[in-house]
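# Inside the fold
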Amino acid sequence: MEVLKTEALTKIYGEGESKVTALDNANLSVRQGEFAAIVGTSGSGKSTLLHMLGGLDRPTSGKVYVEGKDIFTLKDEALTIFRRRKIGFVFQSFNLVPTLNVYENIVFPIQLDGNDVDDKFVNEVIGILGLADMQNRLPNQLSGGQQQRVAIARALAAKPAIVLADEPTGNLDSKTSQDVLSLLKVTGQKFSQTIVMITHNEAIAQMADRIIRIEDGHIIKGGEPND
Amino acid sequence: MTKVSNKKVISRLAFRELRSNRRMNIVVILSIVLTCVLFTALTSIGGSLINGTQQETMRQVGGDRMAGLKCVLPEDYEKVCEDSTTCDVVYRVIVGNAVNDAFKNFSVEINYAGDENAAKASFCNQTTGKLPENYDEIAVSTLVLDALGLPHELGTVVPVTLNVDGEVSEHEFKLCGYWQGEKVAMAQECWVSKAFADKYAPTPTKQFNTLEHPVYAGYWQVDFNYANSWDIEGKTNALISRLYGNSENAPDVGINWAYTTSNADSGMVVGGIVMILVIFAAGYLIIYNIFYINISANIRSYGLLKTIGTTSMQIRRMVRVQAAVYCVIGIPFGLIIGILSGKILFKAIMVTMNIYSAASYAISVKLLVMICLASTAFTFLTVMISCRKPCKIAGSVSPIEALRYNETNINAKKRDKKTRTISPLSVARNNMLRSRKKTIVVVLSLTLSMVLVNTLFTVLRGVDMDKYVSAQIVGDFIIMHDKVSTLNYDDQHALITPEQLEYLNTIDGVRQVSPIYFRRGKLVFHEEPLERLNTLCDKYADTDEHGSLTNAKDNGTIPTDIYGVTDDVLNVLEPADGKIDPTKWQSGKYAIVNTYYLGAEDEKGEPLYSVGDTLTLSSMKGMDEDTTKDFEVMALCEMPYAISTQSYYLFGGQVIIPESTYSEMTDNRNAMSVMMNAEENCFDDVDKQIRYMTDRSDSQVIVKSKQTYLEEFSDFTKMIKLVGGTLSGILALIGILNFVNAVVTGIISRKRELAMMNAVGMTGGQLKKMLMWEGVHYAALTAVCSVIIGFLLDNVVVKSITGDLFFFTHHFTFMPILICVPILLLLSAVIPSVAYQTICRDSVVNRLREN
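In this report, the structure presented in the accompanying data block is examined. (Residues numbered from 1 in each chain as written. Chains lettered and ligands numbered in written order. Predicted model: local features only at pLDDT ≥ 70, side-chain atom pairs only at ≥ 80, totals over all residues. Heavy atoms only, no water.)

Attention now goes to the overall build of chain A. Regarding its fold elements, chain A presents seven helices and eleven strands. C-alpha extents for chain A along the principal axes are approximately 55 × 40 × 35 Å. When burial is assessed residue by residue, chain A has 59% of its 227 residues classed as buried. Counting contacts in chain A only where the partners sit at least 6 residues apart, residues at least 24 apart contribute 70% of the total. Between the averaged position of the 24 positive side-chain charges in chain A and that of its 28 negative side-chain charges there is a distance of 3 Å. (Helix = DSSP H or I, 4+ residues; strand = E, 2+ residues; numbered from the N terminus. Buried < 20%, exposed > 50% of the residue type's maximum accessible area, 1.4 Å probe, protein only. Contact = heavy atoms within 4.5 Å. Lys, Arg positive; Asp, Glu negative; His and termini not counted. Charge placed at Lys NZ, Arg CZ, Asp CG, Glu CD.)

Take the pairing of strand 15 (residues 590-593) of chain B next. Residue and element names in this part refer to chain B. Covered by surrounding structure in strand 15 are Tyr-590 and Ile-592 together with Ala-591 and Val-593, the residues of both alternating faces. When strand 15 meets strand 18 (residues 653-658), the two strands line up antiparallel, connected through two bridges. Its bridge partner lying in strand 18, Ile-592 is registered against Ile-656. (Pairing = 2+ DSSP bridges.)

Another aspect to go through is helix 4 (residues 119-128) of chain A. Residues and elements named next belong to chain A. Taken residue by residue, helix 4 has Phe-121, Val-122, Val-125 and Ile-126 as its buried positions. The buried residues of helix 4 occupy an angular sector of 135° when the element is viewed end-on, so they sit on one face. Buried residues along helix 4 sit in contact with helix 3 (102-112) and helix 5 (144-157). Backbone geometry just after helix 4 places Gly-130 at a positive phi near 70°. (Arc of directions from axis to C-beta.)

All names here are of chain B. Running from amino to carboxyl end, helix 2 (residues 22-61) crosses helix 27 (residues 706-749) at an angle of 165°, the nearest separation of the two axes being 10 Å. For the element pair helix 2 / helix 27, the angle class is roughly antiparallel. Considering how the two elements wind past one another, helix 2 and helix 27 form a crossing that is left-handed. Listed contacts from helix 27 to Arg-23, Val-27, Leu-30, Ser-31, Leu-34, Thr-35, Val-37, Leu-38 and Leu-42 of helix 2 are Leu-727, Ile-730, Leu-731, Leu-733, Ile-734, Leu-737, Asn-741, Val-744, Thr-745 and Ile-748. (Axes fitted to C-alpha atoms, helices over the stretch in contact; angles between N-to-C directions. Parallel < 35°, antiparallel > 145°, perpendicular 65-115°, else oblique. Left-handed = near helix turned anticlockwise from the far one by under 90°.)

Two side chains bearing opposite charge may form a pair once their charged atoms approach each other closely. According to the stated counting rule, one finds 24 salt bridges over all chains in the structure shown. Glu-189 of chain B serves as the salt-bridge partner of Arg-92 of chain B, at 3.9 Å between the closest nitrogen and oxygen. Taken as a pair, Arg-92 of chain B in strand 2 (residues 86-98) and Glu-189 of chain B in strand 8 (residues 187-192) lie far apart in primary sequence, 97 residues in all. When its relative accessible area of 14% is taken as the criterion, Arg-92 of chain B is described as buried. The shortest N-O distance in the salt bridge between Lys-130 of chain B and Glu-137 of chain B comes to 3.2 Å. What makes Glu-137 of chain B buried here is its relative accessible area of 9%. Connected via shared salt-bridge partners are Arg-84, Arg-85 and Asp-113 of chain A. (Salt bridge = Lys/Arg side-chain N within 4 Å of Asp/Glu carboxyl O.)

Moving on to the environment of Asp-83 of chain B. Residue and element names in this part refer to chain B. For Asp-83, the location among the structural elements is in the loop between helix 3 (74-82) and strand 2. Placed 156 residues apart in sequence, Asp-83 and Leu-239 show a C-alpha to C-alpha distance of 8.0 Å. If near-sequence neighbours (up to four positions away) are discounted, Asp-83 is found in contact with Leu-239, Arg-242 and Leu-243.

Moving on to the interface of chain B and chain A. Contacts between the two partners involve 34 residues from chain B, matched on the other side by 32 residues from chain A. Put simply, chain B and chain A have zero salt bridges between them. On inspection of chain B and its partner chain A, the count reaches nine residue pairs in polar contact (both at pLDDT 80 or more). Secondary structure elements with two or more residues in the side of chain B that touches chain A: helix 16 (424-434), helix 28 (751-759), helix 29 (764-802) and helix 31 (844-849) of chain B. Here the side of chain B that touches chain A takes six residues from helix 28 of chain B, the largest share from any one element. Looking at the side of chain B that touches chain A residue by residue, the class counts come to ten nonpolar, 13 polar and eleven charged. (Polar contact = N/O pair within 3.5 Å; in protein donor to acceptor, adjacent residues only side chain to side chain. Nonpolar A, V, L, I, M, F, W, Y, C, P; charged D, E, K, R; others polar.)

Right, here's the structure in full:
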């Protein structure tokens, strides 16, 4: 089943001479439970693409469907609510709320929605990610790898339609990167979670089920499941 | 150690950083300006008041020198001149007094001034003409000329009846100089020539204190200054023992109380120190907070600077250079605004305080420069002290920690955090706790102004108009001598003639004319009061009053003020014991006697009489005839201050008897004062008619009306409102500025964090709500702190200060805080919302990218 789909997604920054086309007519589709990696060099447009997929930025033209919903028909507030329900983010720089402890950070999007936390599920995620002993710690008491595991847990906790990971290992050493990625993959598989990750690192990309290549704003390979 | 010339590069770095941070620049400069304005305005008002009061007291005393030797010889003058501690030594030679009939309302001294400085020292430097040189020349004040009805023209013949130690002679002088007379001065001065002084007051040969009968003529009055006005009495005692040893021949000394009173006024000093501390606290709280917040916001760039090799000292210097630049810009503005606002406020104070001589209160250039220097130093110090700690933080940050800094981690104890349900409110609460220091400083800053406003309001509310007015005036009008409390003799009090009383009775609209007669007499003790007196003698054995008590016991009498009053006055008396019965009173057999023989002010007096006792009054009828009369004590009661002599004995009585009985005991038919009541719609007319009478009177009789006091009172409260309101207004501005700065900087420095929250699903509305909750926390904390500190301050400080004010009735109130809280809540809701809206102009993605 198709969870994520884009149609002729285009993003242009600036006007006139300073006009830059960061994304040009990009079409891709991701199926339920798939772990896809978007690979490209620096400035290729992969981050722009991810931001569009997550509804963090609006495209100049084109559409993004998440679970069949054209997300840019939503107004800002509704889009944010849609995001916290349907999309989980893992950022390169972890982006945890410094004043909340590990558990609070993990359930943050769920509680913002006013929903009860599915404790069984969350505890399972926490257990798999090895965070059980550090639930009351604040982010500044954790190492980079631990922080990123918290970020992964936060992304999974709300059982989103899709998890978007933006260079999740960019701030970690290679050993920790390996561990974190393995955990991301394992949890994704365990909970049949669709994951789209962007990276510039070919070796990391190899861990994904599918590699989507992007160059100068064009998707050159892997845009469709059978590419 | 090798000295590296790196100042230039550090300064360049400091300036560049300054330029890049426009918002902070504005806030810091504004707060420096406000701190400086507060200090400058208050010191210029305080300085003008202290200086003016001192000047005015000097004019009353009649001299500006710190101390003087009385009745000495020329050799004593030489000795004082030679002493190393003294300076500005001047002398006058006493000749005598002018006793012309025209001078019955003030005394006039005839002296010879050693030189121009001696004349200046007595505020008698002729503005027109010169000091006398020829035998028949004289220089006088314009008041003397006016009293004699002479024109202000040089060469005018001035007739003087001269009394030199009892020998009276008539003279005619030629006016060679005159100056503006000071009404406040206790005596008017006239200068004669040396030739005249030598003839009528030749230099004596004997020391003054060896004379059997004092003769003043020819003795010198030597006045001088010390380097400063600190401990004039001690210095003078030391001077006397240096010059005269322990000899009994040491002359009398005079200390100018213009200096001692201004130095000794501890209340003013404490008030001043409290004010300075309040301004310092306000300035410190905001400037510290701005630097602290800014350094927190820029900590990554400091970390970066450290990474590339900048030392802690260099970073600290950078911050100090920035602070100094802010001072250079802010202080001049602060000084100008401060001096201008001080001037405006002071003018208002002058008007409301009914100040005599504006000349005394004119602020001198020297004082102005001193104020400017003090304000500059104070503000600069405040800024430097305020940025000390932030400097340290900036300098001590480690490069790696700086990169991870988010206000929660530096120096924070690593503690686990309990899990709570997430909501905008709970996240806001966590954020408040994230930087406790910042929160405390902002709350304190806001609290300071709230507490001040509340205290001001409590004080204003406590000022009791009825108490104030009733102490000043009884009835609608009072006619009396304008300086009643300074009068010494019965005849000086009794100025209102029977004809004038008759005139007052004829004025249309007058309801009541009640003359109050006064003369001094004695209370002759019987058994019971003597017994009570014995007890008092034992009780007060070690006090200043003991001498008066023993005298009274030995003589069996005490000096007593005897008031003769009409029945109307009985209505304004408030007996402490007994009951006033007007019918019995008219029989003339009863008297009302005072309660407070001792402990005139706060402690309860100890009456010598009880109701029903027999009281014997002795008074002088005519010149030599003693009359005594017995009365029964009807009640114990004080004469209301407004219609009394307004002076008191160390240990003395006060007896009120009926007018008819009073006139049997004395020949003087003049009244001391008149209490009058008028029909309500005739106030203005009656007032005019009374003034018509007093203006035409030769004596210094004036009229006081209730209306004037009511106006005076409202002027007084207006003044407190104006000065206090301005002060609290500026403090409030500082508090709000601090709050706005803290909130806005807090939002801007968390731009990325807020964007991240938004990215993971916190809606704009929820974020705004969270930020508003943060503001509401500030407001709520401020309200709680204000109530607690306000209550404590009220009980500890306000009560102790206002307790001494007779016109103050204490009521504590939270009303101003209650009024301010909604405003603060509104601000705390609006400001974060606006600030968030501003950062939202940038997209989430851009904000997430920011470092």
